[in-house]
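# Structural features, examined
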Amino acid sequence: MKKFDKERVLLAVAGPVIALAVAFVLSAIVLIASGKNPVEPFALMFEQAGFSDIQVLIINQASMYYIAALAVAIGFRMNLFNIGVDGQYQLGAFMAAVVGAHADLPAALQIPLLLLTAVFTGAFWAGVAGVLKVTRGVSEVVATIMLNAIATSLIVYMWKPDVFGVKIGNNNTTGEMHESGWVPGIDMGAAGEVYGLVILAVLLGIGYWVVLNRTRFGFDLRASGASESAASASGVDPKRMVLTAMLLSGAIAGLAGLPILLGDSHTYNLNFPTGIGFLGIGIALLGRNSPVGIAFAALLWAWLDKASPELDFHGYDKEIAVIMQGLIVLSVVVSYEAVREWGLRRQQRRVGAELAAGHVLGADNNTTKEVAGR
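Residues numbered from 1 in each chain as written. Predicted model: local features only at pLDDT ≥ 70, side-chain atom pairs only at ≥ 80, totals over all residues. Heavy atoms only, no water.

## Points about unusual backbone geometry
Excluding glycine, residues mostly carry a negative phi; peptide bonds, for their part, are mostly trans. For H266, which is not a glycine, the phi torsion comes out positive at approximately 60°. At N289, a residue that is not glycine, the phi angle is positive and equals roughly 60°.

## Things to note about a nonpolar patch on the surface
Taken together, I186, M188, I199, V202, L203, I206, W209 and V210 make up a surface patch of nonpolar side chains, about 720 Å² in accessible area. The element best represented in the nonpolar patch is helix α7 (residues 198–214), accounting for six residues. Here M188 lies in the loop between β3 (186–187) and β4 (193–194). In this structure M188 comes out as partly exposed when scored by relative accessible area, which is 43%. (Patch = residues over 30% accessible without salt bridge, like charges linked within 9 Å, V, L, I, M, F, W, Y side chains within 5 Å. Areas by Shrake-Rupley, 256 points an atom, 1.4 Å probe, with all protein chains shown as cover. Salt bridge = Lys/Arg side-chain N within 4 Å of Asp/Glu carboxyl O. Helix = DSSP H or I, 4+ residues; strand = E, 2+ residues; numbered from the N terminus. Buried < 20%, exposed > 50% of the residue type's maximum accessible area, 1.4 Å probe, protein only.)

## Comments concerning the environment of M246
For M246, the location among the structural elements is in helix α10 (residues 238–254). The sequence separation of M246 and K167 amounts to 79 residues, and the corresponding C-alpha distance is 35 Å. Excluding residues that lie within four positions of it along the chain, M246 makes contacts with L80, N82, A126, A129, G130 and T144. (Contact = heavy atoms within 4.5 Å.)

## What to know about helix α12 (residues 276–286)
The element α12 is extensively covered by neighbouring structure, given that eight of its 11 residues are classed as buried. Regarding α12, the residues found buried are I276, G277, G280, I281, G282, I283, A284 and L286. Looking one or two places after α12, you find R288, whose phi comes out positive at around 55°.

## Some points on the packing of aromatic side chains
Geometrically, a pair of aromatic rings is defined through the distance of the ring centres and the angle of the planes. Considering all chains together, one arrives at nine aromatic pairs under this definition. Relative to Y268, the ring of F94 has its centre 5.4 Å away and its plane inclined at 75°; by these criteria the two rings are edge-to-face. Taken together, the positions of F94 in helix α4 (residues 85–102) and Y268 in the loop between α11 (258–265) and α12 put the pair 174 residues apart, joining distant regions of the chain. Y268 shares its class with F94; the two are buried. By way of ring pairs, the aromatic residues Y89, F94, W159, Y268 and F272 are connected into one cluster. (Phe/Tyr/Trp six-rings, centres within 6.5 Å; stacked < 30°, edge-to-face > 60°.)

## Side note on the UniProt feature "transmembrane region" (unreviewed entry) in the protein
When the UniProt feature table is mapped onto this chain, "transmembrane region" (unreviewed entry) is found at residues 9–34, 54–76, 88–105, 111–132, 141–159, 194–212, 242–262 and 320–339. Between the first and last C-alpha atoms of residues 88–105 the distance is 25 Å; the span itself is 83% helix and 0% strand. (UniProt positions renumbered as here; feature names shortened; annotations may be inferred.)

## Some remarks on the pattern of salt bridges
Scanning all chains against the criterion turns up two salt bridges. The partner of K133 in a salt bridge is E140, with the nearest N and O atoms 3.1 Å apart. On the accessibility criterion, E140 (7% relative accessible area) is buried. For R216, the salt bridge goes to D220, with nearest N and O atoms at 2.8 Å. With a gap of four residues between them, R216 and D220 both fall in helix α8 (residues 216–226), about one helical turn apart. Judged by relative accessible area, D220 falls into the buried class, the value being 8%.

Here it is as structure tokens:
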């Protein structure tokens, strides 16, 4: 491997490693300050990761985190901050649940129908922010934050029994979906079932990498994110790319809730997981917008979620996992900036050394010519 490639790999790995190390150290400091053992909680959580049933839970949870983080990463590649992934995810899952409860087609048609419902719902909701940005210059951050609140209120309205809601005790639901829309899981025996749509998460990750790195559209997207003026000079319409990126981000966000919806709950109710979109932001940052990096980050987040309940049985607060997640996000920002500055300094020194070497070589050549002329 060339020296430049080694340095690039080092820079890519250094940020996440430093962020995780700092987060662990700061979490230990918090434990010490509260009079707790700073090592035992992590040992307990690592021990949980060895149990097959916890592993299944981690994989299932990570599949949703991964899809949400991919949606965020698409925006990041275009220099867009799509904070509305959570609203797009919830609306996509809600509308898919409504369609699944009212439509009863053969499985070969029902499942694609539900997937398309989630995709188009998420794309439409993100598209609102995209249109506002390209036509009125409204910041996507402000627009998507407001759309998250509107999405929550819209779901509450559609939960009403005279709209799409079905009241079961004190729980608001969309009613149970027809079985033709259920996606069978991968049986792991006593450990439980891995969601069938984990495969969808893998395919989305592969598609994300191929589109961004092996297509003209991906090049235009990355070029527009790096410099709109340069992209425009090369014939790319920046406004079109902004709208396309928002639509694509929202489409993927709409799918984030489907692994659990089609594989387990089969309805959208008050117990349906929320906040997935916001967690996707931290996961995309930690994974550096790389499909492989995001996969590891999603598994880490899911491990913190699913292993932490064991802490309650040993006198520790399981919220230590939440604290650690927050510390990871803060550490990511600081460590990536530090690594970026270090990389720039190394690059400047390397360029300086090459220029100096070229100057010396040029001087030697001139001396040789002078001697030969004499």
